[in-house]
Amino acid sequence: MSSDTLSIIQPDDWHLHLRDGDALATTVAHSARVFARAIVMPNLKPPVMTVADACAYRDRIVEAIPAACNFQPLMTLYLTDKLSVDEVQRAHASEFVHAIKYYPAGATTNSENGVTNIESVYPALERMAELGVPLLIHGESTDPEIDIFDREKVFIDSVLAPLLGRFPALRVVFEHITTRDAAQFVEQQQASVAATITPHHLLYNRNDLFVGGIRPHFYCLPILKRNLHQQALIEAAISGNPKFFLGTDSAPHSKVSKENACGCAGIYSAPVALELYAEIFDQWDALDKLEGFASLFGADFYQLPRNTRRVHLTRRKSNVAAHFKLGNELVVPIRANETVAWSVHEESQ
Ligand code: DOR
Ligand code: ZN
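The structure reproduced in this document is the subject of the present report. (Residues numbered from 1 in each chain as written. Chains lettered and ligands numbered in written order. Predicted model: local features only at pLDDT ≥ 70, side-chain atom pairs only at ≥ 80, totals over all residues. Heavy atoms only, no water.)

1. Here we look at the packing of aromatic side chains
This is how it is decided: Side-chain rings of Phe, Tyr and Trp (the six-membered ring for Trp) are treated as a pair once their centres are within 6.5 Å; stacked means planes under 30 degrees apart, edge-to-face means over 60, and tilted covers the remaining angles. A run of DSSP states H or I qualifies as a helix once it reaches four residues; a run of E qualifies as a strand once it reaches two. Both are numbered from the N-terminal end. The criterion for a charge sitting over a ring is simple: Lys NZ or Arg CZ within 6 Å of the ring centre, and within 35 degrees of the ring normal.
Applying the stated criterion across every chain yields a total of ten aromatic pairs. Here the aromatic rings of Phe 281 and Phe 293 are separated by 5.3 Å at their centres, their planes lie at 45 degrees, and the arrangement is tilted. Remark: Phe 293 occurs in helix H11 (residues 290-301) and Phe 281 occurs in helix H10 (residues 273-283); sequence separation between them is twelve residues. Three or more aromatic residues joined by ring pairs make a cluster, and in this case those are Trp 14, Phe 245, Phe 301 and Tyr 302. Residue placement shows Arg 171 over the ring face of Phe 301; its charged tip is 4.7 Å from the ring centre. Just above the ring of Phe 149 sits the side chain of Arg 206; from NZ or CZ to the centre is 4.6 Å.

And the structure:
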């Protein structure tokens, strides 16, 4: 398909960091511009650990939704060693908590409260499996001896495969996969195991971290991998396999905390995310596969209704700003000061 225009059912973002406080005015507006719903990550400081926390956070997000948009935040809880079976039950009973996120302690931004010992959460996982509450997994080994480029593969072998062996009914989203190993692993599992793929892991590889110098705005976790992994992710995304769906992992950090001697991990893609996915699907002559990946498969996995509105895209370059306001600071988006090859339009009524 090589048309210059494309109309798809409105997409959802199945992995998003909105942050909190003043940042919400920017982050929520950027995502609500295009996406109907988003799975909102709970790694605030302190994390979203209870249904009551999620309810209050959801109210703050809803306050920040621009009047012209209808956007629905889908909340998650942060799995800690102490998450009780009763809290899992409450999450399931709530209308608005849709999943529980597993960060291995120390794996990434604000993960210090994550799981230190997987066995301590077995009772919670067992109840999640019974109730069908999805477990969203940041899949990286936290063993500092393991090479950073191998952490996803080691996690699959040492944690994820045994976990699924123990809880075969557990519904799992392997988040932001970055390797061929992860794509193959997910493909081989039953339908209750799926994965999200970010725009940056489709568009870039580890060379991009070092083009002409060190590039802090390409630093994210899991870190960009070598080209052969990028290629495997592209193949998974454009395959039409419903196990693979859109999750941006858009994760804003202030300009100063990225351009820093110890820069934070995270790439801010929300302002241009759908445009970037269109660009990559177009590049691989797979625009006909974009709607399934962006708008259908995630909703089906989460057992939520598919959206009914549509969004329209045109193959026309648009400029990306150098930065946006983020509370009292600035955030630099992916493709800052450059262009994206596609533009999104509102539904014309
Ligand atoms: O790069 C990342 N940034 N990876 C994560 O897992 C977390 C995220 C963040 O919250 O900044
Ligand atoms: Zn994330």
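Having seen it, we continue.
2. A few points about the side chain of Thr 80
Basically, it comes down to this: Only protein chains enter the calculation, and the probe is 1.4 Å; a residue is then buried if its accessible area is under 20% of its type maximum, exposed if over 50%, and partly exposed in between. Whether two residues are in contact is decided by their heavy atoms: any pair within 4.5 Å suffices.
Relative to the elements of secondary structure, Thr 80 occurs in the loop between strand E4 (72-78) and helix H3 (85-93). Thr 80 sits in the buried class, given a relative accessible area of 11%. The contacts of Thr 80, once residues within four sequence positions are left out, are Met 49, Asn 113 and Val 121.

3. A short note on the nonpolar core
We apply this condition: We call a set of buried Ala, Val, Leu, Ile, Met, Phe, Trp, Tyr and Cys residues a nonpolar core when their side-chain atoms join them within 4.5 Å.
Leu 125 and Leu 135 are the most contacted members of the largest nonpolar core, which has 93 residues in total. Looking at which element gives the most residues to this core, the answer is H10, with seven residues. Counting 18 residues, the second-largest nonpolar core is a separate cluster that includes Ile 39, Leu 136, Ala 194 and Ala 299.

4. Observations concerning the coordination of the zinc ion (ligand 2)
In plain terms, the rule: Donor criterion used throughout: N, O or S atom within 2.8 Å of the metal, extended to 3.2 Å for Na, K and Ca. Water excluded; incomplete-looking sites may result.
Protein ligation of the zinc ion (ligand 2) involves His 15 (NE2), His 17 (NE2) and Asp 249 (OD), the donor distances falling in the range 2.0 to 2.1 Å. Sequence spacing of the donor residues for the zinc ion (ligand 2), all on one chain, is H-x1-H-x231-D. Within this pair, whereas His 17 is found in the loop between strand E2 (13-16) and helix H1 (23-32), its partner Asp 249 is found in the loop between strand E9 (244-246) and helix H9 (255-258), the two being separated by 232 residues in sequence. You can call Asp 249 buried: its relative accessible area is 8%.

5. Overview of the sheet that holds strand E6 (residues 135-137)
Rules: Any two strands with at least two DSSP bridges between them are considered paired. For helices, the axis comes from a line fit to the C-alpha atoms of the stretch in contact; other axes are also lines fit to C-alpha atoms, and the angle between any two N-to-C directions lies between 0 and 180 degrees.
The strand order across the open sheet built from eight strands is E2-E3-E4-E5-E6-E7-E8-E9, with neighbouring strands paired in parallel fashion. What marks the edges here is a single partner per strand, and that holds for E2 and E9. Neighbour to neighbour, the strand axes of the sheet diverge by 30 degrees on average, direction disregarded. In this structure, E4 lies alongside strand E5 (residues 97-102), joined through four bridges in parallel fashion.

6. Details of the site of ligand 1
Counted only if it meets this: Neighbouring residues are identified by heavy atoms, a residue being near a molecule or strand if any of them is within 4 Å of it. Any pair of nitrogen or oxygen atoms within 3.5 Å is treated as a polar contact; in protein, a donor-acceptor pairing is required on top of that, and neighbouring residues in sequence qualify only through side-chain atoms on both sides. Working definition of accessibility: Shrake-Rupley area with a 1.4 Å probe, residue cover restricted to the visible protein chains. Classification convention: Asp, Glu, Lys, Arg as charged; Ala, Val, Leu, Ile, Met, Phe, Trp, Tyr, Cys, Pro as nonpolar; all other residues, Gly among them, as polar.
Near ligand 1 you find 13 residues, and of these Arg 19, Asn 43, Thr 108, Leu 221 and His 253 are the closest. One of the side-chain nitrogen or oxygen atoms of His 138 is found 3.2 Å away from an oxygen atom of ligand 1. Within the backbone of Leu 221, an N or O atom sits 2.7 Å from a nitrogen atom of ligand 1. For ligand 1, whose free accessible area comes to 290 Å², the fraction covered by protein is 100%. Classifying every residue of the shell around ligand 1 gives four nonpolar, seven polar and two charged.

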